[in-house]
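# Descriptive analysis of the structure
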Amino acid sequence: MTAASATAANPKKIGVPTLLFPVAGATTYQDDFGQARAGGVHQGNDLLATKKTPVIAAESGTVKFWTTSASAGCMLYLYGESGTMYEYIHLNNDVTMKNDNRGKCVAGMSYAKGLKDGAKVTAGQQIGYVGDSGDANGIASHLHFEVHPNGGAATDPYPYLQTAQHLLFFAKLGTPFTLALTGTVVSSTDTSLKVQLSLLQGFPMRLTLKGLTQTVTVNVPTTAVIQPAATRLLAAYAGEPVTIWTQPALTSLKAMLGADGALTGALVQLGS
């Protein structure tokens, strides 16, 4: 979107990888790439989300802050290890949840707390917050997201967003967490449960996600408590209601993605 987009090319050029979806929360979007806008042709997709929803690195790489564009407002470049460059535009500049415009383009406001210009980041790490800065002021809060393969011209992000991996939950990498996963049994073994989720609660981040549709496979060691008492895990049947409380653990990307075996159950409650 600006001249800086052509700089800091990464020597690795392997094409756009499978991305992590850049907004860690409920999002709506459509393929609006190429649409006519007041400032010219739209170079990205607008991902609508609640103001201050965490924005994460779509792949590992290096970040660069950009704070002097009147149209982009508070924005960030992510130079991915694949050679792909990503633009994160209209990041937050509001102190409150209202459109007060009292914040500056700094870490803890637009960018993730503690993040430094030029820092290396890992995929899934928080790098900013959804907002409405720049010429999005007063419009519904959103992330304008661009994809520049090999650091070149913008291409339509929509196909990459459609195949991107979505986080099951979000927490700061390396911080402790535990989850309560509610849903129905898909299948079971004597050491694991595959569950169709409907509700996720996360602690200590006070997270509640409803209306989920993902499936997740949770390890259930012999030390886990299974209720009702004397119930064997293999007795669980498809469609049976279940709630699993996970063991306390440190947040990792695999855990946030709900990768098979990344979560371990401490307590399993079968039945309604």
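In this text the structure is predicted, and so the values were computed from the model without any measurement.

### Let's talk about the packing of aromatic side chains
- The final tally for this structure, using the stated rule, is eight aromatic pairs.
- Centroid distance Phe21 to Tyr29: 5.5 Å. Interplanar angle 45°. Geometry classified as tilted.
- Given the relative accessible area of 2%, Phe21 is considered buried.
- Considering the side-chain rings of Phe169 and Phe177, the 5.0 Å spacing of their centres and the 40° angle between planes classify their relative orientation as tilted.

### Some details on the state of the cysteines
- Inspection of every chain in the model, using the stated rule, returns one disulfide.
- For Cys74, the disulfide goes to Cys105, at an S-S distance of 2.0 Å. Its S-S torsion of approximately -75° makes the covalent link between Cys74 and Cys105 left-handed. With a gap of 31 residues between them, Cys74 in strand S6 (residues 73–80) and Cys105 in the loop between strand S7 (85–91) and strand S8 (120–121) connect regions that are remote in the sequence.
- Residue class for Cys105 comes out partly exposed when judged on its relative accessible area of 21%.

### Focus on the pattern of salt bridges
- For the structure on display, the rule yields three salt bridges.
- Residue Asp46 pairs with Arg37 through a salt bridge whose shortest N-O separation is 3.4 Å.
- A relative accessible area of 35% means that Arg37 is categorised as partly exposed.
- Taken together, the salt bridges that share partners define one network made up of Asp32, Arg37 and Asp46.

### Brief notes about the environment of Ala229
- Here Ala229 lies in the loop between strand S15 (225–227) and strand S16 (241–246).
- The exposed category is assigned to Ala229, whose relative accessible area is 70%.
- A C-alpha to C-alpha distance of 41 Å links Ala229 and Val23, two positions 206 residues apart in sequence.

### Some points on the nonpolar core
- Counting 32 residues, the largest nonpolar core has Phe169, Leu181, Leu193, Val242, Leu263 and Val268 as the members making the most contacts within it.
- Elements represented by at least two residues in this core include exactly strand S11 (176–188), strand S12 (192–203), strand S14 (215–219), S16, helix H2 (253–257) and strand S18 (265–270).
- Every residue in contact with Leu263, bar those within four places of it in the chain, is listed here: Leu168, Phe177, Leu179, Leu181, Val216, Val218, Asn219, Thr246 and Ala255.
- With 29 residues, the next largest nonpolar core counts Ala57, Val63, Ala119 and Leu143 among its residues.

### Looking at the sheet that holds S7
- With antiparallel pairing, six strands are arranged side by side in an open sheet as S3-S10-S7-S6-S5-S8. Edge positions in the sheet fall to strand S3 (45–48) and S8, since each of these pairs with one other strand and no more.
- With two bridges joining them, strand S5 (residues 61–69) and S8 adopt antiparallel strand pairing. Bridge pairing links Thr62 to Lys120 in S8.

### As for the environment of Thr163
- Tracing the sequence through the fold places Thr163 in the loop between helix H1 (158–162) and S11.
- Overall, Thr163 belongs to the exposed group, its relative accessible area being 54%.
- Residues Thr163 and Leu19 lie 144 residues apart in sequence; the distance between their C-alpha atoms is 7.6 Å.
- Of the polar contacts made by the side chain of Thr163, one reaches the backbone oxygen of Tyr160; its length is 3.4 Å.

### As for unusual backbone geometry
- Cis geometry is found at the peptide bond from Phe203 to Pro204, where omega equals 5°.
- Relative to the assigned elements, Pro204 resides in the loop between S12 and strand S13 (207–210).
- Residue Pro228 follows Gln227 across a cis peptide bond; omega there is 0°.
- Looking at the secondary structure, you find Pro228 in the loop between S15 and S16.
- In this model, Lys52 sits at a positive phi of 75°, which is unusual for a non-glycine residue.
- Along the chain, the position of Lys52 falls in the loop between S3 and strand S4 (54–56).
- Note on Lys52: relative accessible area 25%, which makes it partly exposed.
- Phi is positive for Asn150, which is not a glycine, with a value near 55°.
- By secondary structure assignment, the location of Asn150 is in the loop between strand S10 (142–148) and H1.

Cut-offs and rules
Residues numbered from 1 in each chain as written. Predicted model: local features only at pLDDT ≥ 70, side-chain atom pairs only at ≥ 80, totals over all residues. Heavy atoms only, no water. Phe/Tyr/Trp six-rings, centres within 6.5 Å; stacked < 30°, edge-to-face > 60°. Buried < 20%, exposed > 50% of the residue type's maximum accessible area, 1.4 Å probe, protein only. Disulfide = S-S within 2.5 Å. Helix = DSSP H or I, 4+ residues; strand = E, 2+ residues; numbered from the N terminus. Salt bridge = Lys/Arg side-chain N within 4 Å of Asp/Glu carboxyl O. Core = buried A, V, L, I, M, F, W, Y, C linked by side-chain atoms within 4.5 Å. Contact = heavy atoms within 4.5 Å. Pairing = 2+ DSSP bridges. Polar contact = N/O pair within 3.5 Å; in protein donor to acceptor, adjacent residues only side chain to side chain.

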